[in-house]
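# Secondary and tertiary structure notes
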Amino acid sequence: MKKTLILVVLAGLMLTGCGGKQEAAQPAESATAVAVAEETATVPGVVGLTLDVATEQLEDLGLEVEAEDTVDGKSIIVKKNWQVVSQDPTDGAQVAKGSTVHLGVKNLDTIAAEKAAAEKAAADKVAAEKAAAVKAAAAKAAADKAAADKVAADKAAADTAAADKVAADAAAAAEKLAAEQAAQQAVPQAPVQQAAPPAPASAYYANCAAAKAAGAAPLYAGQAGYSTSLDRDRDGVACES
């Protein structure tokens, strides 16, 4: 029992001593943290601000500022005429007070000129795209018209060819018919001989007038009443006219 009591007392003393050391260490650590916080600064973002405003913000935090013209390397005289375009260290960096923040700046006139140039380039691009669209539309309209004209020309040519064929076929048919008719007309037709009325067996005609009066003309060779004296051209037909 005595040994147990002694151990309990010793443990209590040890715990009391440790607690005192911890309480003594805490104020020292807090003081160190405060000292460190007081010796550092968080770099704010100053890009886009004029140089005079950016410088004021950085110097208020105990930081040094070094500015440089990033375009022409010109000397910076009037800070309000310059705009911050870059910074190092960047926004949110933890640095010791007294550190230098390097700023890249550009003259406001240069920025205005660049802006005007960019706006002009954008306007020129829009105008060029519009002109290209108009040209493309005109080209398409011309192509469509050419295609329509070709279709119309092809149809007209086909109609003309069809009409010409019909006319040619009709002409050929008419020519063939005319040729056939001409061929038929060219065939000599044998004269139609009318049978002479039978003459008396001992018929005799003093002349053609008598033969005609008797109704026997014309007289053919071998026929009763035929006589060479009545057949002047000796063709075998007497009193033929």
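Residues numbered from 1 in each chain as written. Predicted model: local features only at pLDDT ≥ 70, side-chain atom pairs only at ≥ 80, totals over all residues. Heavy atoms only, no water.

### Notes on a negative patch on the surface
The line we're drawing: What goes into a patch is any residue over 30% in relative accessible area without a salt bridge, connected to like charges within 9 Å or, for nonpolar side chains (Val, Leu, Ile, Met, Phe, Trp, Tyr), within 5 Å. Areas reported as accessible are Shrake-Rupley estimates using a 1.4 Å probe. Residue values count occlusion only from the protein chains shown. The salt bridge criterion pairs a side-chain nitrogen of Lys or Arg with a carboxyl oxygen of Asp or Glu, the two atoms within 4 Å. Positive charges come from Lys and Arg alone, negative charges from Asp and Glu alone, with His and the N- and C-terminal ends not counted. Taken as the charge location is NZ of Lys, CZ of Arg, CG of Asp or CD of Glu. Helix and strand definitions here come from DSSP, where helices need a minimum of 4 consecutive H or I residues and strands a minimum of 2 consecutive E residues; each element is numbered from the N-terminal end.
Taken together, Asp52, Glu56, Glu59, Asp60 and Glu64 make up a surface patch of like negative charges. At 4 residues, helix α2 (residues 51-60) tops the list of elements feeding residues into the negative patch. Within the secondary structure layout, Asp52 lies in helix α2.

### A closer look at the pairing of strand β5 (residues 100-107)
Defined as follows: Whether two strands pair depends on DSSP finding at least two bridges between them.
In this sheet, β5 lies alongside strand β2 (residues 64-69) in parallel orientation, the contact comprising 6 bridges. Within β5, the residue paired with Glu68 across the bridge is Gly104. In terms of strand pairing, strand β3 (residues 82-88) meets β5 through 6 bridges, oriented antiparallel. Pairing of Ser86 across the sheet is with Gly104, part of β5.

### So, the nonpolar core
Keep this limit in mind: Buried Ala, Val, Leu, Ile, Met, Phe, Trp, Tyr and Cys residues that are joined via side-chain atoms within 4.5 Å together make up what is termed a nonpolar core. Relative accessibility decides the category of a residue: with a 1.4 Å probe and only protein chains considered, values under 20% of the type maximum give buried, values over 50% give exposed, and everything between is partly exposed. Two residues form a contact once any of their heavy atoms are found within 4.5 Å.
Judged by nonpolar contacts, the single largest core of 13 residues is most densely connected at Leu58, Leu63, Val84 and Leu103. For this core, the secondary structure elements donating two or more residues are α2, β3 and β5. Apart from the residues lying within four places of it in its own chain, the contact partners of Leu103 are Val46, Leu51, Ala54, Leu58, Val65, Glu66, Ala67, Glu68, Val84, Ser86 and Gln87. One finds Tyr205, Ala211, Leu219 and Ala238 within the second-largest nonpolar core, a separate group that totals 8 residues.

### What about the confidence of the model for the protein?
Quick note on the threshold: pLDDT measures the predictor's confidence residue by residue and takes values from 0 up to 100.
On average, residues of the protein score 83 in pLDDT, and 78% of them are at 70 or above. When the criterion is pLDDT under 50, residues 15-25 qualifies, and its contacts beyond four places in sequence or with other chains add up to 0 contacts. Counting interchain partners and residues more than four positions distant, the pLDDT-below-50 stretch residues 31-36 has 0 contacts.

### Thoughts on the sheet that holds β5
So the rule is basically this: Angles shown run from 0 to 180 degrees and are taken between the N-to-C directions of axes, each axis being a line fitted to C-alpha atoms and, for helices, limited to the stretch in contact.
On the basis of which strands lie adjacent, the open sheet formed by 3 strands has the order β2-β5-β3 and mixed pairing. Edge positions in the sheet fall to β2 and β3, since each of these pairs with one other strand and no more. Between one strand axis and the next, the sheet turns by 35° as a mean value, whatever way the strands run. This element, α2, spans β2, β3 and β5 of the sheet and lies at about 170° to β5.

### Regarding unusual backbone geometry
Omega for the peptide link from Asp88 to Pro89 comes to 5°, which places this bond in the cis form. Along the chain, Pro89 falls in the loop between β3 and β4 (94-96). Pro218 follows Ala217 through a cis peptide bond whose omega is -5°. Its place among the elements puts Pro218 in the loop between α4 (208-213) and β6 (219-220). The backbone phi angle of Arg234 is positive, close to 50°, even though this residue is not glycine. Within the secondary structure, Arg234 sits in the loop between β6 and β7 (237-238). If you check the backbone angles, Cys239 has positive phi at about 55° while not being a glycine. For Cys239, the location among the structural elements is in the segment after β7.

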